[in-house]
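# Summary of the model geometry
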There are 2 protein chains.
Amino acid sequence: MSRSLSPEQAQHIEDLYGPLTQSLRRLIDVTIRSEADDIEVAQAHRLIEQAADLLSSRLDPGPFGVRTTTDGGMLPWGNVAIGMRNAIAPPLNVIRDDSGRATVDLVLEAPYEGPAGHVHGGVCALLLDHVLGATAHRPGKPAFTGTLTLRYVAPTRLGKLRVEAWIDSETESKTIAAGHIKDADGVVTVQAEGIFIRPKAKP
Amino acid sequence: MSRSLSPEQAQHIEDLYGPLTQSLRRLIDVTIRSEADDIEVAQAHRLIEQAADLLSSRLDPGPFGVRTTTDGGMLPWGNVAIGMRNAIAPPLNVIRDDSGRATVDLVLEAPYEGPAGHVHGGVCALLLDHVLGATAHRPGKPAFTGTLTLRYVAPTRLGKLRVEAWIDSETESKTIAAGHIKDADGVVTVQAEGIFIRPKAKP
């Protein structure tokens, strides 16, 4: 696949892989919760192998990387947090306002469990890293995590969550951001602060 | 499913779901990297739906939670970091020695990507949260993350990684742990420190 797609090509691939990846998210979930008969499980296993074989008929050898559209759009389809083609990604739909504030509403169920009935502390860290980092991205200048500090102030139950992040202070090369996760009752469960670095553009 | 299984039942379910979940991890990967024809992708989508329907013929309504074997074993099969039935989990195979040191060797490829060719910073945080936390678990006394501080000192390339964690100091109710991620060349890419809390057993 060429690294740069026309907007029409990109839309076509989204129409094809968006629903497939959504089905795959459901399959990940029911694989954890299934109590089906052995025969049904064995049959499901064969179907999964067949699906993987079909998709492997032609494969990009490397990871997805960064691809773009010819009109300058970014295609983060492989990204583990936001990727349209990555079934591990919830995926996060990050909404940013003019002040640089970033907000994500999401629902996490069985596939993101750590302690019984609760979101894994490491998944909370992943959410906060991504959403705090989103306040620091600039067009053509992605930001990389420098440091991240997390305080787990209450257990994060599986279910509806909101992740919010904002810019605390900023220079040309770095953003200091803060944020938190709130549960369905609006209770803050994890607080975070981080420094995000924008590498200098290569001359 | 009963919350407590005989060791034989547990082994039977592992034999059934272990290979299925491994196939599902492959399916997640090739969904990101596929360049198959539209017809093959559509066919793969139908097979994924059929597999999910089969596994949904009988479903546990809740997340997996904590289940045990009748001889006192733990079954963290749904866990997002280590779960045998959770295709999001790499899964981590945590090796602990007598000093409480915890080590994981793993390979992360396309499904864990953030910046092009690199592990997502949030995935690094998930790995370190889990492995530092593993130094603090005691039989029947899981530990919960209190605070976690991460310093990203070098980019973490996709590929072979080692995560190591050790106990810095400890009281009855909490463990202060430290650790890092090393890449295939043995270079430390992310350093971490954390406080992990063991809640008092209920009387």
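Residues numbered from 1 in each chain as written. Chains lettered and ligands numbered in written order. Predicted model: local features only at pLDDT ≥ 70, side-chain atom pairs only at ≥ 80, totals over all residues. Heavy atoms only, no water.

So, on to the packing of aromatic side chains. Counted by the stated rule, this structure contains two aromatic pairs over all chains. Where F64 of chain B meets W77 of chain B, the ring centres are 5.9 Å apart and the plane angle is 55°; that geometry is what we call tilted. Here the residue F64 of chain B occupies a position in the loop between α2 (38-55) and β2 (67-69), and W77 of chain B occupies one in the loop between β3 (74-75) and β4 (95-96), the gap between them amounting to 13 residues. Residue W77 of chain B is classed as buried on the basis of its relative accessible area of 3%. Directly above the aromatic system of F64 of chain A lies the positively charged group of R67 of chain A, at a separation of 3.8 Å from the ring centroid. (Phe/Tyr/Trp six-rings, centres within 6.5 Å; stacked < 30°, edge-to-face > 60°. Helix = DSSP H or I, 4+ residues; strand = E, 2+ residues; numbered from the N terminus. Buried < 20%, exposed > 50% of the residue type's maximum accessible area, 1.4 Å probe, protein only. Lys NZ or Arg CZ within 6 Å of the ring centre and 35° of its normal.)

Residues and elements named next belong to chain A. Along the chain, the position of R162 falls in strand β7 (residues 159-170). When its relative accessible area of 35% is taken as the criterion, R162 is described as partly exposed. A C-alpha to C-alpha distance of 10.0 Å links R162 and L127, two positions 35 residues apart in sequence. Setting aside anything within four residues of it in sequence, one finds R162 in contact with T103, V104, D105, H180, I181 and K182. (Contact = heavy atoms within 4.5 Å.)

Once turned by 180° and shifted 0.0 Å along the axis, chain B lies on chain A with an RMSD of 0.0 Å. These values place the two chain copies in the arrangement generated by a two-fold rotation axis. The position closest to the rotation axis in chain B is occupied by the C-alpha of T149 of chain B, lying 2.2 Å away. Mapped onto chain A, 100% of the interface residues of chain B are again interface residues, and the two copies thus contact each other with one and the same surface. (Least-squares fit on C-alpha atoms with pLDDT ≥ 70 in both.)

Residue and element names in this part refer to chain A. Within the open sheet, the three strands sit side by side as β1-β2-β3. Their pairing is mixed. Sheet topology places β1 (4-5) and β3 (74-75) at the edges, where each strand pairs with a single neighbour. Alignment of strand β2 (residues 67-69) against β3, held across two bridges, turns out to be antiparallel. The residue of β3 that forms the bridge with T68 is M74. (Pairing = 2+ DSSP bridges.)

Judged by pairing direction, the sheet is antiparallel, and its 12 strands sit side by side in the order β4(A)-β5(A)-β7(A)-β8(A)-β9(A)-β6(A)-β6(B)-β9(B)-β8(B)-β7(B)-β5(B)-β4(B) without closing on themselves. One side of each edge strand has no neighbouring strand; the edge strands of this open sheet are β4 (95-96) of chain A together with β4 of chain B. Bridge count for β7 of chain A against strand β8 (residues 174-182) of chain A is eight bridges, and the pairing is antiparallel. Note on β8 of chain A: the bridge partner recorded for A165 of chain A is G179 of chain A.

Now for the domain arrangement of chain A. Accessible area lost when the parts come together is the quantity often used to give the size of an interface. All names here are of chain A. According to the domain assignment, chain A contains domain 1 (1-90) and domain 2 (92-197). Here the C-alpha centroids of domain 1 and domain 2 sit 24 Å apart. Counting each side, the surface lost to burial between domain 1 and domain 2 is near 740 Å², with a carbon and sulfur contribution of 71%. At the boundary of domain 1 and domain 2, one finds zero salt bridges. For the pair domain 1 and domain 2, the number of links is two residue pairs in polar contact (both at pLDDT 80 or more). Broken down by class, the residue content of the side of domain 1 that touches domain 2 amounts to eight nonpolar, one polar and two charged. (Domains from an automatic or database assignment. Buried area = accessible area lost by both parts, 1.4 Å probe. Salt bridge = Lys/Arg side-chain N within 4 Å of Asp/Glu carboxyl O. Polar contact = N/O pair within 3.5 Å; in protein donor to acceptor, adjacent residues only side chain to side chain. Nonpolar A, V, L, I, M, F, W, Y, C, P; charged D, E, K, R; others polar.)

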